[in-house]
Amino acid sequence: MKLKGKVAIVTGASSDRGSAIAELLASEGTSVTINYLKRKKNAESVLKRIKKSGGKVMVWQADVTLKESVNKMVKKTVKEFGCVDILVNNAHGTISRKSFEGTKWNEYEENLNGTIKGAHNCCQAVIGEMIRKKWGRIVNIMDNIVNEPVKGYGSYITGQSALIGFTRSLAVDLGNFGITVNLINTGFTLSKKTPHAPPHVQKAIAEQTPLKRLALPVDIAKAVLFYASDWSDFVTGNCLVVDGGKVMR
Ligand SMILES: NC(=O)c1ccc[n+]([C@@H]2O[C@H](COP(=O)([O-])OP(=O)(O)OC[C@H]3O[C@@H](n4cnc5c(N)ncnc54)[C@H](OP(=O)(O)O)[C@@H]3O)[C@@H](O)[C@H]2O)c1
C-alpha cells in the first residue's frame, strides 16, 4: 500500500469526483475524512463503501468558505486519526452560465470564495500539522475551461484561474517545510451529476479529445495519488493536465 498510515482530508467528497479520490486514497491505506456541504447521503454512501473494503474513514460536514467550520473539521480529523498529511481541495464555487453584462460582482465573489477562500481556509487549518511533521501534500483541483474559456462562464473561470497563482505561491511559501503543493487541471468529467452539458456536447468533447473519451472520476483520483505519494517527492508548484490531451499548452 502506497500511503499506509497517512491521513487525508478530501473536500467536496460527496461528488463523484471527490468520492473517487477518497476511495482511491483509502484503498492505498490512507485514513480519510470525507467532507461534504449538503449531500449527506452521498457522503455516507462513500463512507460505507470505504468501510466495507476495510478502510479507515469519517464523514464531516463543513462549509469550506467558513474558517471556523473548517477548523472544526481539521480538529476532529486530528482527534480521530492523529494528524493530517494530505489535503485535497476539490470543493468549488458555483457554476452558472450568464452573459458578462448580467453577471454581478457578487457572483465573482461567490466563485472566489468557493474556490480560493475555501482552499485558503483548508490550507491554513492543516499546515500546522504538516509543519510539525515536516511533511505534507496539498493537491488542488481545477478545470481546463481556464485554458479554453467557454462563453458565459466568466465568474467560474475567474475563480478557477486564481488556483494557479494560489498553488504556485503556496508551493514557494511551504517548500522549506517539506510540503508540496500541486494542481490537477481536469477536463469535463463523466459523473452521475454531469449537469454541465447535454449528451451531444459531451459526444463532441469526447471526439475532440485525442484519447476519444471523457474523463472518469478515477482518472483524476489516480493523478491525486501521484501527487500524494512519494512518486512525486521532488515535484511542487506543478500542474498535471488530466484531460485525455484535449488541452495542450
Ligand atoms: N465535473 C466536471 O466536468 C469538472 C471538469 C473540470 C474540473 N472540475 C473540477 O473538479 C472539482 C469537483 O467538481 P465536480 O464536478 O465533481 O463538482 P460537483 O459534483 O458539483 O461537486 C462539488 C462538490 O463540492 C462540494 N462543495 C461545494 N461548495 C462547498 C463548500 N462551500 N464547502 C464544502 N463543500 C462544498 C459539494 O458538496 P455537496 O454536494 O455535499 O453540497 C460537492 O461535493 C472542482 O474543483 C471543479 O472545478 C470539474
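Every residue gets a number counted from 1 within its own chain, in the order that chain's sequence is written. Where local features are concerned, this predicted model is filtered to residues with pLDDT of at least 70; where side-chain atom pairs are given and counted, the filter is 80 or more; whole-chain, interface and lining totals use all residues.

Novice: Even after reading the chapter, I still don't get the packing of helix α1 (residues 16-27) against helix α7 (residues 217-228), so can you show me in this structure?
Specialist: A pair of packed helices is captured by two measures, namely the crossing angle of their axes and the spacing between those axes. Axis lines are fitted to C-alpha atoms, over the contacting stretch for helices. Their N-to-C directions set the angle, which ranges from 0 to 180 degrees. Helix numbering and strand numbering both begin at the N terminus, where a helix is a DSSP run of H or I of at least 4 residues and a strand a DSSP run of E of at least 2. Where α1 meets α7, the closest approach of the two axes is 8 Å, and the angle between their N-to-C directions is 45°. It follows that α1 is oblique to α7 by the angle criterion. When you trace α1 past α7, the crossing you get is right-handed. In this structure, α1 contributes Asp16, Arg17, Ala20, Ile21, Leu24 and Leu25 to the contact, and α7 contributes Pro217, Val218, Ile220, Ala221, Lys222, Val224, Leu225 and Ala228. Each residue belonging to the contact of α1 with α7 can be placed in one class, and the counts come to eleven nonpolar, no polar and three charged. We call two directions roughly parallel when the angle between them is under 35 degrees, roughly antiparallel when it is over 145, roughly perpendicular when it lies between 65 and 115, and oblique otherwise. In this scheme the crossing of two helices becomes right-handed for a clockwise turn of the near helix relative to the far one and left-handed for an anticlockwise turn of less than a right angle. Note on contacts: residues are paired as contacts if their backbone-placed C-beta atoms lie within 7 Å. Under the scheme applied here, ten amino acids are nonpolar (Ala, Val, Leu, Ile, Met, Phe, Trp, Tyr, Cys and Pro), four are charged (Asp, Glu, Lys and Arg), and all others, including Gly, are polar.

Novice: Explain the nonpolar core to me, please; I cannot follow it from the model alone.
Specialist: Put simply, a nonpolar core is a cluster of buried Ala, Val, Leu, Ile, Met, Phe, Trp, Tyr and Cys residues tied together by C-beta atoms within 7 Å. For the exposure call, what matters is how many other C-beta atoms sit within 10 Å of a residue's own: 20 or more marks it buried, 12 or fewer exposed, and in between partly exposed, using C-beta atoms placed from the backbone. Judged by nonpolar contacts, the single largest core of 63 residues is most densely connected at Ile21, Ala22, Leu25, Ile34, Ile220 and Val224. Not counting chain neighbours up to four residues away, the residues in contact with Ile21 comprise Val10, Ala13, Val88, Asn90, Ile220, Ala221 and Val224.

Novice: Is there a simple way to think about the site of the ligand in this case?
Specialist: Near the ligand, the surroundings consist of 31 residues, among which Gly12, Ser15, Arg17, Leu37 and Asp143 are the closest. Of all elements in the fold, only α1, β2 (31-36), α4 (105-133) and β5 (136-143) reach the threshold of two or more residues within the shell around the ligand. Grouping the amino acids of the shell around the ligand by side-chain chemistry returns seven nonpolar, 17 polar and seven charged. To decide whether a residue is near a molecule or strand, its C-beta atom is placed from the backbone and checked for lying within 6 Å of it.

Novice: What exactly am I supposed to notice about the sheet that holds strand β4 (residues 86-89) here?
Specialist: The strands making up a sheet associate through hydrogen bonds between their backbones, and the pairing can be parallel or antiparallel. Strands are treated as partners if at least two bridges between them are detected by DSSP. If you walk across this open sheet you meet the seven strands as β3-β2-β1-β4-β5-β6-β7, and the pairing is parallel. Strand pairing shows two members of the sheet lacking a second neighbour, β3 (57-61) and β7 (239-242), which therefore form its edges. Across the sheet, the mean angle separating the axes of adjacent strands is 20° when strand polarity is ignored. Pairing of strand β6 (residues 179-186) with β7 involves four bridges; the strand directions are parallel. Looking across to β7, one finds that Leu183 is bridged to Cys239.

Novice: What is the right way to read the environment of Ser69 from this model?
Specialist: Note on placement: Ser69 falls in helix α3 (residues 67-81). The contact partners of Ser69, leaving out residues within four places of it in the chain, are Ala62 and Asp63.

Novice: In this structure, what is going on with the packing of α1 against helix α2 (residues 40-52)? I would like to understand it.
Specialist: Taken N-terminus to C-terminus, the directions of α1 and α2 make an angle of 20°; their axes are 10 Å apart at the nearest point. On the basis of their axis angle, the class for α1 and α2 is roughly parallel. For α1 against α2, the interelement crossing comes out right-handed. Where α1 approaches α2, its residues Ser19, Ala22, Glu23 and Ala26 are matched on the opposing element by Val46, Arg49 and Ile50. Tallied by class, the residues present in the contact of α1 with α2 amount to four nonpolar, one polar and two charged.

Novice: Would you explain α3 in this entry?
Specialist: Expected span, for any helix, means 1.5 Å times one less than how many residues it has. Spanning 15 residues, α3 covers 21 Å between terminal C-alpha atoms, matching the ideal 21 Å at 1.5 Å per step. Among the residues of α3, Val70, Met73, Val74, Thr77 and Phe81 are the ones counted as buried. Within α3, the buried residues cover an arc of 95° as seen down the axis, which keeps them to one side. Residues of α3 that are exposed and point more than 90 degrees away from the buried face comprise Glu68, Lys75 and Lys79. As used here, the arc belongs to the directions running from the helix axis to the C-beta atoms.

Novice: Is there a simple way to think about the environment of Leu183 in this case?
Specialist: Looking at where Leu183 falls in the secondary structure, it is placed in strand β6. Assessed through the 23 C-beta atoms surrounding it within 10 Å, Leu183 is described here as buried. When sequence neighbours within four positions are dropped, the list of residues in contact with Leu183 reads Asn140, Met142, Leu163, Ile164, Thr167 and Cys239.

Novice: Please clarify how α4 should be interpreted in this entry.
Specialist: Helical periodicity: at 3.6 residues per turn, an α-helix aligns residues three or four positions apart in one direction. Here α4 contains 29 residues, and its C-alpha end-to-end distance of 40 Å stays within 8% of the 42 Å for a straight helix at 1.5 Å per residue. Bend, in this description, refers to the angle at a residue between axes fitted to the seven residues ending there and the seven starting there. Largest kink in α4: about 40°, centred on Ile127. Directly after α4, the chain includes Lys134, whose backbone phi takes a positive value near 55°.

Novice: What exactly am I supposed to notice about the environment of Trp105 here?
Specialist: Structurally, Trp105 is set in helix α4. Trp105 sits in the exposed class, given 8 other C-beta atoms within 10 Å.

Novice: When you look at the pairing of strand β1 (residues 7-10) in this model, what are you seeing that I'm missing?
Specialist: Within a regular beta strand, the side chains point alternately toward one face of the sheet and then the other, so they alternate between its two faces. Burial along β1 is two-sided: Val7 and Ile9 facing one way and Ala8 and Val10 facing the other are all buried. In terms of strand pairing, β1 meets β2 through four bridges, oriented parallel. From the neighbouring strand, Val10 faces β2, where its bridge partner is Ile34. Across three bridges, β1 lies against β4 in parallel orientation. Each bridged residue has a counterpart across the sheet, and for Val10 the counterpart in β4 is Val88.

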